[in-house]
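Results of the structural survey
Chain by chain, the residues:
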Amino acid sequence: MSTQQQTQPLITHLIELRNRILKAIASVLVVFVCLVWFSSHIYEFVSAPLIDRLPEGASMIATDVASPFFTPLKLTLVASVFVAVPLVLYQIWAFVAPGLYKHERRLIAPLLFSSSLLFYAGVAFAYFVVFPLIFGFFTAISLGGVEFATDISSYLDFVLSLFMAFGIAFEVPVAIILLCWTGATDAKSLAQKRPYIVVVAFVVGMLLTPPDMVSQTLLAVPMCILFEIGLFFSRFYTKRGESDEDQDDNDEDEVKS
């Protein structure tokens, strides 16, 4: 095979990758255009857990002249990425699916769907459970001569970091299943390391959340529960090499028949 013939498939794959990336970006932009008109309402919705718990007479402030304009737009762009996650994952799936075995496609497709669902669940958990507790805790702390007034830009950075932390943390079951499926580990070995996993969960909670025990615990405990869920479902995912061998045998049997 000539060098030119060898480079043709690579060029084809690169073009396909470029098209998939452009489609993923376009999906985010389309969602952004649809949401940008409601950017102020989106920010009001996200800031509600803090505003509802502010001391009487306190309010959020803008320390930068352009913050009231750019901060809601920044949030809308991030929200557009969150909303478009299933579309982005579909583009990833459409790119890698042709190179997978049939049984691998049956395994990966549910993982892509569940990863989106778990990410949204993590964000929802942060907004509806974590935010009311930690903001109630923070606003209850009063210092003499200090007026509680949060900058809207700082608040956005704070909540986005928590959204990402909880969204990623809720992907634990998918990560465990993938580790077991690729043969990096197995369910029995992970079950034996359960005490260490619990410690790691609290360390991760300490690193990814603000320095208070409430938010750290609220992240660590769901991670431990999700670890058990991932451990349960990982038993149904065999090692990839073994599955490939079984698939090869089935393909050979089909050819012979």
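Residues numbered from 1 in each chain as written. Predicted model: local features only at pLDDT ≥ 70, side-chain atom pairs only at ≥ 80, totals over all residues. Heavy atoms only, no water.

1. Overview of the overall build of the chain
Quick note on the threshold: Counting from the N terminus, the helices are the DSSP runs of H or I reaching at least four residues and the strands are the DSSP runs of E reaching at least two. Relative accessibility thresholds used throughout: buried, under 20% of the residue-type maximum; exposed, over 50%; partly exposed, between the two (1.4 Å probe, protein chains only). What makes two residues a contact is simply this: any of their non-hydrogen atoms within 4.5 Å. Each accessible area is a Shrake-Rupley estimate made with a 1.4 Å probe; only the visible protein chains count as cover when residues are assessed.
A tally of helices and strands in the chain yields eleven helices and zero strands. Walking the chain from its N terminus toward its C terminus, one meets helices and strands in the order α-α-α-α-α-α-α-α-α-α-α. The buried share of the chain, reckoned over its 257 residues, is 38%. Taking all contacts inside the chain whose residues are at least 6 apart in sequence as the whole, residues at least 24 apart take part in 84%. Looking at the chain as shown, the accessible area adds up to about 15,400 Å², and 69% of this sits on carbon and sulfur atoms.

2. Here we look at the pattern of salt bridges
In plain terms, the rule: In the sections that follow, a salt bridge refers to a side-chain nitrogen of Lys or Arg positioned within 4 Å of a carboxyl oxygen of Asp or Glu.
Evaluation of the coordinates by the stated rule reveals three salt bridges. With its nearest N and O atoms 2.8 Å apart, the salt bridge here joins arginine 20 to glutamate 16. Here the residue arginine 20 and the residue glutamate 16 both occupy positions in helix H1 (residues 3–35), the gap between them amounting to four residues, near one helical turn. The exposure class of glutamate 16 is partly exposed, given its relative accessible area of 29%. We note a salt bridge from lysine 74 to aspartate 157, for which the minimum N-O separation is 2.8 Å. With lysine 74 in helix H3 (residues 67–83) and aspartate 157 in helix H6 (residues 152–169), this pair connects stretches of sequence that are 83 residues apart. In this structure lysine 74 comes out as partly exposed when scored by relative accessible area, which is 39%.

3. Points about the packing of aromatic side chains
The condition is simple: Pairs were defined over the aromatic rings of Phe, Tyr and Trp, the Trp ring being its six-membered one, requiring ring centres within 6.5 Å. Orientation was assigned from the angle between planes: stacked under 30 degrees, edge-to-face over 60, tilted for the rest.
Inspection of the entire model under this criterion finds 14 aromatic pairs. Pairing phenylalanine 131 with phenylalanine 163 gives two aromatic rings, centres 5.2 Å apart and planes at 45°, and the pair type is tilted. Of this pair, phenylalanine 131 sits in helix H5 (residues 102–140) while phenylalanine 163 sits in helix H6, placing them 32 residues apart in sequence. Each member of the pair, phenylalanine 131 as well as phenylalanine 163, carries the same accessibility label: buried. Their ring planes at 45° and their centres at 5.9 Å tell us that phenylalanine 135 and phenylalanine 158 sit as a pair that is tilted. Placement of phenylalanine 135 in helix H5 and of phenylalanine 158 in helix H6 is noted, with a sequence separation of 23 residues between them. For phenylalanine 135, a relative accessible area of 3% translates into the label buried. Through pairs of rings, three or more aromatic residues link up here, namely Tyr43, Phe45, Tyr127, Phe128, Phe131, Phe135, Tyr155, Phe158 and Phe163.

4. Thoughts on a nonpolar patch on the surface
Stated precisely, the cut-off is as follows: In this scheme, patches are assembled from residues that exceed 30% relative accessible area and form no salt bridge. Like charges are connected within 9 Å, while nonpolar side chains (Val, Leu, Ile, Met, Phe, Trp, Tyr) are connected within 5 Å.
Together, Val198, Phe202, Val221, Ile225, Ile229, Phe232, Phe233 and Phe236 make up an exposed nonpolar region whose accessible area comes to about 730 Å². Elements with a contribution of two residues or more to the nonpolar patch: helix H9 (194–208) and helix H10 (213–234). The greatest single-element share of the nonpolar patch, amounting to five residues, is contributed by H10. Among the structural elements, phenylalanine 233 can be located in helix H10.

5. Section: the environment of proline 86
By the secondary structure assignment, proline 86 is in helix H4 (residues 85–96). Exposure remark for proline 86: the relative accessible area of 37% places this residue in the partly exposed category. Between the C-alpha atom of proline 86 and that of alanine 24, which follows or precedes it by 62 residues, the distance is 9.8 Å.

6. A look at H3
Going by this rule: By definition here, a helix of n residues has an expected span of 1.5 Å times n minus one.
Spanning 17 residues, H3 covers 24 Å between terminal C-alpha atoms, matching the ideal 24 Å at 1.5 Å per step. Ser67, Thr71, Pro72, Leu75, Thr76, Ala79, Ser80 and Phe82 are the residues of H3 that are buried.

7. Some thoughts on the side chain of arginine 20
Accessibility expressed as a relative area gives 18% for arginine 20, which makes it buried. Among all residues touching arginine 20, those that are not within four sequence positions of it are Gln91, Ala94 and Phe95.

8. Focus: the nonpolar core
Applicable threshold: Among buried residues, those of type Ala, Val, Leu, Ile, Met, Phe, Trp, Tyr and Cys that are joined through side-chain atoms within 4.5 Å constitute a nonpolar core.
Of all hydrophobic cores here, the largest spans 53 residues; its most connected members are Phe131, Tyr155, Val159 and Phe163. Of all the elements in the fold, those that place two or more residues in this core are helix H2 (39–51), H3, H4, H5, H6, helix H7 (172–182), helix H8 (187–192) and H10. Sorting elements by how many residues they give to this core places H5 first, with 13 residues. Not counting residues within four places of it along the chain, the set of residues in contact with tyrosine 155 comprises Tyr43, Val46, Ser47, Pro49, Leu50, Met60, Phe135 and Thr150.

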